[in-house]
Every structure is written in C-alpha cells, then in structure tokens.
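Architecture at a glance
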Amino acid sequence: MKDLSGRLHQLRVDANNCAVMAMSATDPNKRELLKRLADELAIEALELEQVVKSQTGHVGSNEQYDAFSKPALDPPMPVRRKPLASS
C-alpha cells in the first residue's frame, strides 16, 4: 500500500509540474499539450486515490488533494534582458 501512496503523491507532483509548465509555455501547441497532460495525470491521481481509499479507508495524507485547483507555485517570471549596446 505504501507503494500506491508513493505513486499517488508522484502523480500529484507531476500533474502540478505540468500545469506550471503549461502556464509558462510560450508556444500555444506546447501549452495545450502540457495542459492536457496535467489534466490526464490529475485524473489518474483521482482514480488511484479512489483505489487507495477503497483498500485502506483513507488517503495517505490528512487532507484531501484537490487535483483541479491551481498549482501552488506561480509560473516563473519572464527573463528581461538588457538591450544590446549599439556600437
């Protein structure tokens, strides 16, 4: 069961990471791909959470995870480059 709880945690982390990358992606195709991947991973996490609950009666943590909430991390700020000096 510990293995399933670890896998559940990893799915949640991966879904969150994909959502953060999707928000910071500049290419619309990559943004959509990462968003879909985040959604799929979040759905898998919810399904695995149901399996863990049915086998143990509780989830690995004290709080229920909201897979569809916004990621806890803000997207990275864009890097501002100094203009090149004219020669």
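Every chain is numbered on its own, with residues counted from 1 as its sequence reads. Reporting in this predicted model follows two pLDDT cut-offs: at least 70 for local features of residues, and 80 or more for side-chain atom pairs to be given and counted; totals over whole chains, interfaces and linings ignore these cut-offs and use all residues. As a rule here, side-chain values come from all non-hydrogen atoms in the structure, and water together with hydrogens is ignored.

Let's talk about the environment of Ser 54
Here Ser 54 lies in helix H2 (residues 28-56). For each residue, the accessible area found with a 1.4 Å probe, counting protein chains only, is set against the maximum for its type, and the residue is called buried under 20%, exposed over 50%, and partly exposed in between. What makes Ser 54 exposed here is its relative accessible area of 63%. A distance of 2.8 Å separates the side chain of Ser 54 from the backbone oxygen of Val 51, its partner in a polar contact. The numbering of helices and of strands both runs from the N terminus, where a helix is a DSSP run of H or I of at least 4 residues and a strand a run of E of at least 2. Each polar contact in these results corresponds to two N or O atoms within 3.5 Å; when the atoms are within protein, one needs to be able to donate a hydrogen and the other to accept it, and residues that are neighboring in sequence are counted only if both atoms are side-chain atoms.

Examining H2
For a helix, the expected span equals 1.5 Å multiplied by the residue count minus one. The terminal C-alpha atoms of H2, which comprises 29 residues, lie 41 Å apart, in line with the 42 Å expected from a rise of 1.5 Å per residue. When H2 is considered as a whole, its buried residues turn out to be Leu 34, Ala 38, Leu 41, Ala 42, Ala 45, Leu 48, Glu 49 and Val 52. Next to the buried residues of H2 lie helix H1 (2-24). With a side-chain oxygen lying 3.0 Å from the backbone nitrogen of Asn 29, the N-terminal cap of H2 falls on Asp 27. Backbone geometry just downstream of H2 places Gly 57 in the positive-phi region, at approximately 90°. In this analysis, two residues are considered to be in contact whenever any of their non-hydrogen atoms come within 4.5 Å of each other.

Describing H1
With 23 residues, H1 extends 33 Å from end C-alpha to end C-alpha; this agrees with the ideal 33 Å at 1.5 Å per step. Residues of H1 that are buried: Leu 8, Leu 11, Arg 12, Ala 15, Asn 16, Cys 18, Ala 19, Val 20 and Ala 22. Residues of H1 that are buried in the fold lie against H2.

Notes on the confidence of the model for the protein
For residues with low pLDDT, the predicted coordinates do not support detailed interpretation. On a scale of 0 to 100, pLDDT captures the predictor's confidence in every residue. Of all residues in the protein, 64% attain a pLDDT of 70 or more, and the chain-wide mean is 77. Note that pLDDT drops below 50 for residues 61-65; the model gives that stretch 5 contacts with residues more than four away or on any other chain.

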